[in-house]
Amino acid sequence: MAPDRPTPPFGRRAVEVREAAADGGYRIFTLVDREGPEPLPGQFYMLCEAPEWSSIEGRPYLPRAISYARSTGREGELLLEFLIDDVGPGTKRLGRLEKGDGCWITGPFGNPFSAPREIAESPAGAILVGGGIGIAPLAAFRRSLISKGFPTRTLLGFRDLEHSGAVESLFGCEEVRLAFEDGSSGHHGYVTDLLELLLERDDPGGAIVYSCGPPAMLEAVKKICASAGVPAELALESPMACGFGACFGCAVPRADGNGYLRLCIDGPVVRSEEIATALVGESG
Amino acid sequence: MAPDRPTPPFGRRAVEVREAAADGGYRIFTLVDREGPEPLPGQFYMLCEAPEWSSIEGRPYLPRAISYARSTGREGELLLEFLIDDVGPGTKRLGRLEKGDGCWITGPFGNPFSAPREIAESPAGAILVGGGIGIAPLAAFRRSLISKGFPTRTLLGFRDLEHSGAVESLFGCEEVRLAFEDGSSGHHGYVTDLLELLLERDDPGGAIVYSCGPPAMLEAVKKICASAGVPAELALESPMACGFGACFGCAVPRADGNGYLRLCIDGPVVRSEEIATALVGESG
Amino acid sequence: MKTTASLPIEFCGIELSSPVINGSGTYDAIASRRIFGDEAFASENFPFAAFVSKTITENPRAGNPPNRIWETPTGMINSIGLPNPGLDGFVEDHLPILAELPVPLIVSVMAETPEGFTRLVERIEETGRASALELNVSCPNVHSGLIVGEQPTETEQLMKHLKGRTELPLIVKLTPNVASPEEVAVAAEAGGADAVSLINTIKATAIDPVSGSPAIGAGSGGLSGPAVRPVALQQVRAIRSRVSIPIIGMGGVTDGESALEFLLAGASLVAVGTENFRDPVAGRRIERELGAELTRRGFDSIGAFCDRPSS
Amino acid sequence: MKTTASLPIEFCGIELSSPVINGSGTYDAIASRRIFGDEAFASENFPFAAFVSKTITENPRAGNPPNRIWETPTGMINSIGLPNPGLDGFVEDHLPILAELPVPLIVSVMAETPEGFTRLVERIEETGRASALELNVSCPNVHSGLIVGEQPTETEQLMKHLKGRTELPLIVKLTPNVASPEEVAVAAEAGGADAVSLINTIKATAIDPVSGSPAIGAGSGGLSGPAVRPVALQQVRAIRSRVSIPIIGMGGVTDGESALEFLLAGASLVAVGTENFRDPVAGRRIERELGAELTRRGFDSIGAFCDRPSS
Ligand SMILES: Cc1cc2nc3c(=O)[nH]c(=O)nc-3n(C[C@H](O)[C@H](O)[C@H](O)COP(=O)(O)OP(=O)(O)OC[C@H]3O[C@@H](n4cnc5c(N)ncnc54)[C@H](O)[C@@H]3O)c2cc1C
Ligand SMILES: Cc1cc2nc3c(=O)[nH]c(=O)nc-3n(C[C@H](O)[C@H](O)[C@H](O)COP(=O)(O)OP(=O)(O)OC[C@H]3O[C@@H](n4cnc5c(N)ncnc54)[C@H](O)[C@@H]3O)c2cc1C
Ligand SMILES: Cc1cc2nc3c(=O)[nH]c(=O)nc-3n(C[C@H](O)[C@H](O)[C@H](O)COP(=O)(O)O)c2cc1C
Ligand SMILES: Cc1cc2nc3c(=O)[nH]c(=O)nc-3n(C[C@H](O)[C@H](O)[C@H](O)COP(=O)(O)O)c2cc1C
Ligand code: FES
Ligand code: FES
């Protein structure tokens, strides 16, 4: 059976950081991957620093799942661009990578976003809804949709102006609308407000929503799309130890009550109706 | 009661690396200590890298005991020079320190070498016997003896020429004799051969031996001095977790069978006859 | 000239190409093939000298709610909850794929009664596809309410019940969460166990500093990784001095040196668990490094190492 | 405006300036004064809100042969062997110096019989210099041969024997090396213990890869440091749900966040052990960071935190 997605090399490989910079609130860096296949939008890699990966606290210890935001070049010399929000020891360490540093990666892993035609018979347009660091996989997907001439609108939400720093380089400005929680620019509020407006105002017939962002945002997108009758694909997150189905750690409850998905191999992109909730493992 | 040795600041302090270089087989670096007192030859510091101190294996985790080899400047801006033999994760990490890096230290800790007059009524001359990385505390002590005009001869042994790289800068060339296990220069063999020759040929009356080096060398020095009737002070090593008497980890058996010394506070410099053996904790 | 020691070894009558296998539940060979393609089953690539399956139960299990994993200092906590397709699902859907593995298969099983264990053991044996069985005895016995693996007598009785009902070697996976794992190992041997494997994970939890509650959905889980290696080495060593059946040692093996430490402590095989998550082919690297470590110490084969004069 | 929460807290009737104390055997106040001078006893410098002594036995002990310590992934093994000057030496030589401490003194004691414990407890109480006693029960009872702290009934009997023989609060230091420390804690409470402290170190060893033998002179020792924190948190949480006496939590506390994790898991006080070796005044830093953590979470005092609605 031919695989439906790129086949990553078996085992981790050493790659090099080509460029690294702060871009507003997020850190952005490019790796040169000489051995991996071209990834598909929505896929992710497991990254850890080489040769060391730890601190006095013994963390980070496991690799971290990171979506690629842009892939250029070709197999044999792929340039993979990643966006990092430094929320803990792993992302802090990745965020400190500098040009010339080494890094271990495995991947690409996971389900990519589905082409509109795989989701609806006569899709009319795509609406991408991204929040915060969740813009990364959407950036890759938008480029692919646009290159195929598929009508695409993009709604992005950020806590403040600083965190939208990567938007221009990753998305350009056309057909992109921004929302800011602190009201510093664009729409003052949540990006899901923009989605609601859009689905109310426009005829949603034929629209398909693709979304990635914090759990609460995805949960809102799930609800809004369900009530508007619009199909949606969500790129979720969960703690992942391995990324390739080995640990069973990345469980997300299925909507049908029939156990759990393994998000790393059955996701990270899922149909909105496949899952019980996007609020996975919010502890407490 | 006035303390008989410098009183270190209570707590660890951040210091900066002023210079760092490879010097033959060992690594050598200088820290700027703005808070500590002037140390005495034979004392040591507990060092760990700041802000991080660990690797994927979670080691190094504890600080490492390192003797200072030279102290210049004055209180308020002491320059402390250290020599590193990278034998494991801790010394490897210290050996990677570069100019401008931060580092945590506590100390100075431990017994310094005794002045010749504290050991013998009419001391005639000092013989310093150093092996490998054990030359570090002897370098500091030699400078202090020579500045007081005390007759001092120095015998140093190395496995090969490369590992003697620091000798010239730390000892100069006068009254220093070298032995090399590989015969690459000087005496072909052990530095303890030189000591035996010296004590046989010369009248050992009034000589005092000060020694630091690997356990087997110190054990030989202990025996040679005992049979020649020459007093000796040995600077020993043992695994140390704290350096200030807290962990009781640095036990060395007393010669009188009466339990153990805590090497960090009752040593690291001990009278040769105080200890049962210099072969401490050689496991197996 | 050989640069690394030769590693083939016999274990309970099974020929293995090296002493490096995987810990149950830390590698999904089927998922790997799905992701990495047929490469993942090629004999020059497969990372272990034998493959131990995730623990199978009679009925299917969904596993625990998230969060199932949490990182800790040089370790991780897991509370996966043994999701598995049940005996039928395993035999029908998984075994045919696992039959294509280039290495012997060891099936890990768990039940709450001796009869449940018997059904698992007999059915797996019937298929002719397993070379050995590993008994995960961390489950409470539904009759006594006691955790079998915490009680020497329960363990011995279970082994006596199973012994004679199968030709396959039986490996008992011990729990580290007892005052004296030695006693349980001795009882396992007395009951007829062919080998013991240890350690399973150590009871542990983490508090999510953000929510203030346990970070693990089920409240607590088990600790693995380099953090637990010193505990594992102590238990292997203590058990080695009390039983003569072979030991599969595991707990924080990350490289050739740590694998060698387990062999020195008395293990015959070593299993790689959490390290697999950091590198899908970690087993192969560890095997290579172990060969080099043995060579550096003057052994030209694992056999020579095993026959070394005791120190 | 206060920038960090106020930390004073009452523990078994003793007023403490904060919930941060030391673990027995991980800080030698007398050695610190000898090295760092009188500064080390100044109330603004002393790193703990109470000082717990190293464990004292009736007769002097020399301790174990080297190596006594070995570093492990984010932890260390120790096999110190309780060197101490014995009861007389402690009372005559150490207590007069410890009387100058700026904080309450808790004396840790160990014996092999209930009578031995009684003699230690009564003699220490007589001096009037201790605010509480910690009972280290990891030693085998010379009569039963059983390790007291591994047996709920032994522990309960010991407590019943001691209770009424002293006015001082009795803290039982539990061992983590049992299947169910909860049972031992419940027994300690039933016997009259005023508090429990945990965890002591976890049985462990390391193999010196150079010699191939155990790196620890005594063959094995106990593991401490961040590596064990997840195990400690699990035991604190499990015990919290079974007893109502206060808990002193410890095991890998390195900073304010990890100290808070122990409080969230149910501890009333936290003890700093191995981290002291990395910084003689770690306790003070941890106290400061803990205050800041509480403030960040909206508590202006440790009391407000303790009275928080349970989550
Ligand atoms: C498929 C996928 C793609 C991703 N892509 C990106 C990306 O492109 N860029 C990027 O920056 N990040 C991305 N992430 C997220 C990233 O992997 C995590 O932020 C990272 O693993 C966190 O590690 P850390 O050590 O930095 O922080 P940690 O300390 O591990 O976690 C950070 C914070 O999150 C909390 N936390 C962790 N897991 C959970 C959970 N399940 N539920 C609730 N709270 C939790 C912790 O308590 C902590 O406060 C992706 C994740 C997945 C699964
Ligand atoms: C007072 C004092 C002063 C010192 N001064 C210096 C100095 O100036 N420069 C310098 O480079 N080093 C010095 N040392 C030694 C240095 O502290 C150690 O080499 C260092 O702690 C080793 O740490 P590591 O992580 O590099 O290696 P580790 O892995 O901790 O040890 C290195 C090797 O030594 C073995 N080992 C460790 N402890 C023992 C032991 N007790 N017995 C037998 N084998 C053991 C290990 O197995 C390993 O193979 C001094 C030590 C002391 C006590
Ligand atoms: C995510 C995860 C899942 C596990 N699942 C099982 C299992 O199903 N059955 C079992 O016997 N052990 C299971 N274990 C325990 C491992 O087989 C092994 O005993 C333990 O992790 C120690 O080894 P390590 O430190 O190398 O991971 C699991 C461990 C982990 C980390
Ligand atoms: C070197 C060392 C010596 C110890 N000595 C004692 C002791 O004498 N009595 C005791 O009850 N616990 C002793 N302990 C255990 C500690 O008090 C503490 O319970 C344990 O180390 C866990 O805490 P930590 O991880 O913060 O070190 C000792 C621990 C270490 C590391
Ligand atoms: S991350 Fe390990 S199974 Fe999904
Ligand atoms: S090194 Fe800790 S007591 Fe000596």
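In this text, all values refer to a predicted model and were calculated from it rather than measured experimentally. (Residues numbered from 1 in each chain as written. Chains lettered and ligands numbered in written order. Predicted model: local features only at pLDDT ≥ 70, side-chain atom pairs only at ≥ 80, totals over all residues. Heavy atoms only, no water.)

Thoughts on the overall build of chain A
Here's step 1: Tallying secondary structure elements over chain A gives 7 helices and 15 strands in all.
Here's step 2: Compactness check: chain A gives a C-alpha radius of gyration of 18 Å against a globular reference of 19 Å for 284 residues, within 12% of the reference.
Here's step 3: By its C-alpha atoms, chain A is 55 × 45 × 45 Å across when sized along the principal axes.
Here's step 4: Buried residues in chain A amount to 59% of all 284 residues.
Here's step 5: Within chain A, contacts between residues at least 6 apart in sequence are counted, and of these 66% link residues at least 24 apart.
Here's step 6: Surface summary for chain A: the accessible area is close to 11,200 Å², and the carbon and sulfur share equals 48%.
Here's step 7: For chain A, the distance from the average position of its 27 positive side-chain charges to the average position of its 39 negative side-chain charges is 3 Å. (Helix = DSSP H or I, 4+ residues; strand = E, 2+ residues; numbered from the N terminus. Rg over C-alpha atoms; globule rule 2.2 N^0.38 Å. Buried < 20%, exposed > 50% of the residue type's maximum accessible area, 1.4 Å probe, protein only. Contact = heavy atoms within 4.5 Å. Areas by Shrake-Rupley, 256 points an atom, 1.4 Å probe, with all protein chains shown as cover. Lys, Arg positive; Asp, Glu negative; His and termini not counted. Charge placed at Lys NZ, Arg CZ, Asp CG, Glu CD.)

Side note on the side chain of Asn111 of chain B
All names here are of chain B.
Here's step 1: For Asn111, the location among the structural elements is in the loop between strand E6 (102–109) and helix H2 (116–119).
Here's step 2: At 2.8 Å, the side chain of Asn111 and the backbone oxygen of Asp266 are in polar contact.
Here's step 3: In contact with Asn111, other than residues within four places in its own chain, are Arg5, Gly42, Gln43, Ile265, Asp266, Gly267, Pro268 and Val269. (Polar contact = N/O pair within 3.5 Å; in protein donor to acceptor, adjacent residues only side chain to side chain.)

Focus: the interface of chain A and chain C
Here's step 1: Taken together, the contact pairs 40 residues of chain A with 47 residues of chain C.
Here's step 2: Summed over both partners, the interface of chain A with chain C buries about 3,500 Å², with 64% contributed by carbon and sulfur atoms.
Here's step 3: Among the residues of chain A in contact with chain C, Phe10, Tyr61 and Phe244 of chain A are the three that bury the most area, contributing 26% of the side total.
Here's step 4: The interface formed by chain A and chain C holds 5 salt bridges in total.
Here's step 5: One salt bridge in this structure joins Asp28 of chain C and Arg262 of chain A, with 2.9 Å as the shortest N-O distance.
Here's step 6: Along the contact surface separating chain A from chain C lie 10 residue pairs in polar contact (both at pLDDT 80 or more).
Here's step 7: Of all the elements in the fold, those that place two or more residues in the side of chain A that touches chain C are strand E6 (102–109), strand E13 (251–253), strand E14 (260–262) and helix H7 (263–266) of chain A.
Here's step 8: Taken together, the residues of the side of chain A that touches chain C sort by class into 22 nonpolar, 11 polar and 7 charged. (Buried area = accessible area lost by both parts, 1.4 Å probe. Salt bridge = Lys/Arg side-chain N within 4 Å of Asp/Glu carboxyl O. Nonpolar A, V, L, I, M, F, W, Y, C, P; charged D, E, K, R; others polar.)

Some details on the site of ligand 4
Here's step 1: Among the 23 residues in the neighbourhood of ligand 4, the closest are listed as Ser24, Thr55, Gly225, Gly252 and Thr274 of chain D.
Here's step 2: In this structure, ligand 4 sits where chains B and D come together, each supplying nearby residues.
Here's step 3: Contact between ligand 4 and Asn136 of chain D: an oxygen atom at 3.1 Å from a side-chain N or O atom of the residue.
Here's step 4: Here an oxygen atom of ligand 4 sits 3.5 Å away from a polar atom, N or O, in the main chain of Gly251 of chain D.
Here's step 5: When the free accessible area of ligand 4 is taken as 610 Å², the share hidden by the protein chains comes to 97%. (Near = heavy atom within 4 Å.)

A few points about the pattern of salt bridges
A side chain of one charge can pair with a side chain of the opposite charge when the charged atoms of the two come close.
Here's step 1: Per the counting criterion, the structure on display carries 54 salt bridges over all chains.
Here's step 2: Asp266 of chain A is the salt-bridge partner of Arg34 of chain C, the closest N and O atoms lying 3.6 Å from each other. One end of the pair, Arg34 of chain C, is in helix H1 (residues 29–36); the other, Asp266 of chain A, is in helix H7, on a second chain.
Here's step 3: Bridged by salt links that share partners, the residues Glu275, Arg278, Arg285 and Glu289 of chain C form one connected network.

Describing the interface of chain D and chain B
Here's step 1: Between chain D and chain B, the contact holds 47 residues from the first and 40 residues from the second.
Here's step 2: Summing both sides of the interface, chain D and chain B together bury roughly 3,500 Å²; the carbon and sulfur share of this comes to 63%.
Here's step 3: Put simply, chain D and chain B have 5 salt bridges between them.
Here's step 4: Note that Asp279 of chain D and Arg12 of chain B form a salt bridge whose closest N and O atoms lie 3.6 Å from each other.
Here's step 5: Seen at the junction of chain D and chain B, the total is 10 residue pairs in polar contact (both at pLDDT 80 or more).
Here's step 6: Going through the elements one at a time, helix H1 (29–36), strand E5 (69–72), strand E6 (75–78) and helix H8 (275–278) of chain D are the ones with two or more residues in the side of chain D that touches chain B.
Here's step 7: Looking at the side of chain D that touches chain B, the element that brings in the most residues is H1 of chain D, giving 5 residues.

A word on the site of ligand 1
Here's step 1: Neighbouring ligand 1 are 27 residues, the closest being Arg64, Ala65, Leu83, Gly90 and Thr91 of chain A.
Here's step 2: Neighbouring residues of ligand 1 are not confined to a single chain but are spread across chains A and C.
Here's step 3: Between ligand 1 and Gly88 of chain A, the relevant distance is 3.2 Å, taken from an oxygen atom to a main-chain nitrogen or oxygen of the residue.
Here's step 4: Look at ligand 1: alone it shows 960 Å² of surface, and the protein chains cover 80% of it.
Here's step 5: Of all the elements in the fold, those that place two or more residues in the shell around ligand 1 are strand E4 (64–74), strand E5 (77–84) and helix H1 (89–95) of chain A.
Here's step 6: Looking at the shell around ligand 1, the element that brings in the most residues is E4 of chain A, giving 4 residues.
Here's step 7: Its residues assigned to classes, the shell around ligand 1 shows 14 nonpolar, 7 polar and 6 charged.
Here's step 8: The two domains that each donate at least three residues to the shell around ligand 1 are domain 1 (13–109) and domain 2 (116–274) of chain A. (Domains from an automatic or database assignment.)

Brief notes about the domain arrangement of chain A
Residue and element names in this part refer to chain A.
Here's step 1: Domain annotation for chain A reports domain 1 (13–109) and domain 2 (116–274).
Here's step 2: For domain 1 and domain 2, the distance between their C-alpha centroids amounts to 22 Å.
Here's step 3: Counting residues at the interface gives 21 residues for domain 1, matched by 26 residues for domain 2.
Here's step 4: Across the domain 1 to domain 2 interface the summed buried area is about 2,000 Å²; carbon plus sulfur atoms make up 65%.
Here's step 5: Summed over the shared surface of domain 1 and domain 2, the number is 1 salt bridge.
Here's step 6: Connecting domain 1 to domain 2 are 6 residue pairs in polar contact (both at pLDDT 80 or more).
Here's step 7: For the side of domain 1 that touches domain 2, the element with the most residues is E4, which contributes 6 residues.
Here's step 8: Here the residues of the side of domain 1 that touches domain 2 are counted per class, giving 12 nonpolar, 5 polar and 4 charged.

Points about helix H3 (residues 135–147) of chain A
All names here are of chain A.
Here's step 1: The end-to-end C-alpha separation of H3 is 18 Å, in line with the 18 Å expected for 13 residues at 1.5 Å each.
Here's step 2: In terms of burial, H3 is largely enclosed, as 10 of its 13 residues are buried.
Here's step 3: Within the sequence span of H3, burial applies to Ile135, Ala136, Pro137, Leu138, Ala139, Ala140, Phe141, Arg142, Ser144 and Leu145. (Expected span 1.5 Å × (residues − 1).)

Side note on the sheet that holds E6 of chain D
Here's step 1: Strand order in the open sheet made by the 4 strands is E5-E6-E12-E11 (chain D), with antiparallel pairing throughout. Since the sheet does not close on itself, it has two edges, and those belong to E5 and strand E11 (202–204) of chain D, each with one partner. The mean angle between the axes of side-by-side strands here comes to 35°, regardless of whether they run parallel or antiparallel.
Here's step 2: Direction of pairing for E11 of chain D relative to strand E12 (residues 221–224) of chain D: antiparallel, over a ladder of 3 bridges. Residue Ala204 of chain D lies in a different strand from E12 of chain D, and its bridge partner there is Gly221 of chain D.
Here's step 3: Lying on the sheet, helix H6 (residues 229–240) of chain C is in contact with E5, E6, E11 and E12 of chain D; it crosses E11 of chain D at an angle near 65°. (Pairing = 2+ DSSP bridges. Axes fitted to C-alpha atoms, helices over the stretch in contact; angles between N-to-C directions.)

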